[in-house]
Each structure stands twice: as C-alpha cells, then as structure tokens.
Amino acid sequence: MPVAKVDSNYYHDQSERLAQQRPNDPAETPWTPMPKPLSECKVTLVSTAGIFVKGDEPFDYGREWAEPSWGDPSHREIPRTAGQDDVVYSHLHIDTSFLTRDRNVAWPVDIFNDYEKEGKIGALANTLYSIMGYIPNFSPLIKRTAPLMVESMKAQCVDVAFIVPV
Amino acid sequence: MSLSNVPEMTEKVAVSRAAFIQYPFGRQLGDVGDREGQRKICDAMADLLETSTGPNTFVHLPYEWHEPLEKTKWRPDIPAPGGLRRMQEEAEEKKKAASK
C-alpha cells in the first residue's frame, strides 16, 4: 500500500518532542535557487550518523554517558575516497550494523559516485561531512559547527549538499 | 536538500527542501544491498532539488518499507545513555512502589 503521508510517529513516538519544538516561521525559511543544472553542480553529502574516519578523533560519547542530556555538537570531515570499512558509524541511538554492512542504506557515497560517472551530477566533492545527530543543545551546532562546515564547503566550491539524517 | 522520516520535526526547522520517507531510522534510503531501491530515494531527492521553486518545498514519498513494523529493527542492542538512564529510573520507581 503506497504511503500517502509519512507518519512522524511511525517508528518512534515523537509527540512529546514535537509539542516542545518551537516552530520556525515558514516565511523565514532560507532559499537559495539552484545556481545551475544538477549535472553541472559540485555536490557533497552530510550525514548525522556520527561517521568518522578510523584514526580520527571519535565523537565524545564518554561525556554523553556521563551526561545523557548532552550530545557532541562537532562535525567530522570524510574524504570521498574513504571506503565502506575506512570509517566508523558511531551513533549510539540507532542500530548502525546496517550501515556497517552497506553504507548506502543512509550514506550514499557509492550512489553519488555513480551519479558522477553518469553525469547526473557535475562532481562529488572531495570532502563529505558527518555530525552525530543527538544534540539536545543545538546552539553550538548552529553557532560553531554549521558555519565551519559551510566555510569548508565554500572553499571547495560546493553548490549543493544532500543531507541524509538517520 | 534533506531527507527525513519525521516530517513534522523537519517542517519546523527551516529546511528549504525535504523529501519524506517512512523508512526506519538508520536505513532511510533502503535496506542492505537494495541498491536499486536506495537509488530510487536518491533520485527522488535529486528530482525535488531540480524542480522546487521556493522554500518549504516538501514531498511525501509513497514508498512502503518491506517489513512489518514489529519486525523492523532500528534501535541499537545497547540502549543509548539517555534511554538506559530512563529505564533505570523507571525500575527504581517500580521497586519503590512495590516496597510500599
């Protein structure tokens, strides 16, 4: 049966969090038109799966275990050349075993590599990005992490980011 | 361009373009090994990116997950710190109530 409208509470009852969430004024939603056809755009990927390259600094789960209402608001940069097994999928709030077996379940690097080869996108950027999506206090994410990611994307002349939250 | 399986939350956080999918957390593009299905969702995101003409453009994708809800795993085997603490607190409360 096709899904007519996606149910926000289907997999996890979010009603309490949704009730607490202050809504954005839709009139203030930012808008950047596509600068050119996707086939000419440089594209990057952003995940919330807590992905980091093996050997890089892990997300700070020690502090989260000590303070469960805290989540690491930093980000990690991942070279597009990093393979399936070159990274850790570390988010504590989801079953990451599926990502460990096939990253394209939520980290579609192989699909976007195909897009590049086929000319569906202009290019996949050299750097991809991940945050760890459990961030109850998102102020540092907005004030510090997001600008750093944007700065990095601009330095690489990225036109478009595809965000795949987990 | 974002994907989400929690539309109501996404609509509240100033996302200019989003595709909604009723797939489980951690597998929002499709199941392990289902490259065709995963690509279908990526294609839908790309299409929305190219066709949207203004902010707050949201599309509910019609695709249904292949497993019934009760058989669909997405939670980790070890609960996250917050969940574990809540479980411990609930157990403590039950213990206290039982001892009264």
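For the structure, check the block above.
Residues numbered from 1 in each chain as written. Chains lettered and ligands numbered in written order. Predicted model: local features only at pLDDT ≥ 70, side-chain atom pairs only at ≥ 80, totals over all residues. Heavy atoms only, no water.

Contacts between the two partners involve 58 residues from chain A and, on the opposite side, 62 residues from chain B. For the chain A and chain B pair, buried surface summed over both sides reaches about 5,400 Å², with 60% attributable to carbon and sulfur atoms. Among the residues of chain A in contact with chain B, Val6(A), Tyr11(A) and Trp31(A) are the three that bury the most area, contributing 16% of the side total. There are three salt bridges connecting chain A and chain B. Between Asp95(A) and Lys73(B) there is a salt bridge; the shortest N-O distance is 2.6 Å. Counting across the chain A and chain B interface gives 29 residue pairs in polar contact (both at pLDDT 80 or more). Looking at the side of chain A that touches chain B, the elements that each hand over two or more residues are α1 (15–20), α2 (61–66), α3 (97–101), α4 (109–118) and β7 (160–164) of chain A. Broken down by element, the residue count for the side of chain A that touches chain B peaks at six residues, all from α4(A). Residues of the side of chain A that touches chain B, tallied by class, amount to 37 nonpolar, nine polar and 12 charged. (Contact = heavy atoms within 4.5 Å. Buried area = accessible area lost by both parts, 1.4 Å probe. Salt bridge = Lys/Arg side-chain N within 4 Å of Asp/Glu carboxyl O. Polar contact = N/O pair within 3.5 Å; in protein donor to acceptor, adjacent residues only side chain to side chain. Helix = DSSP H or I, 4+ residues; strand = E, 2+ residues; numbered from the N terminus. Nonpolar A, V, L, I, M, F, W, Y, C, P; charged D, E, K, R; others polar.)

Below, the discussion takes up the pattern of salt bridges. For side chains of opposite charge, pairing can occur when their charged atoms come near one another. Tallied over the full model, the rule gives 12 salt bridges over all chains. The shortest N-O distance in the salt bridge between Arg80(A) and Glu116(A) comes to 2.9 Å. Placement of the pair is Arg80(A) in the loop between β3 (75–79) and β4 (87–89) and Glu116(A) in helix α4, with a sequence separation of 36 residues. A relative accessible area of 18% places Arg80(A) in the buried class. Residue Glu116(A) is classed as partly exposed on the basis of its relative accessible area, which comes to 25%. Overlapping salt bridges bring together Glu118(A), Lys120(A), Arg39(B) and Asp43(B) as one network. (Buried < 20%, exposed > 50% of the residue type's maximum accessible area, 1.4 Å probe, protein only.)

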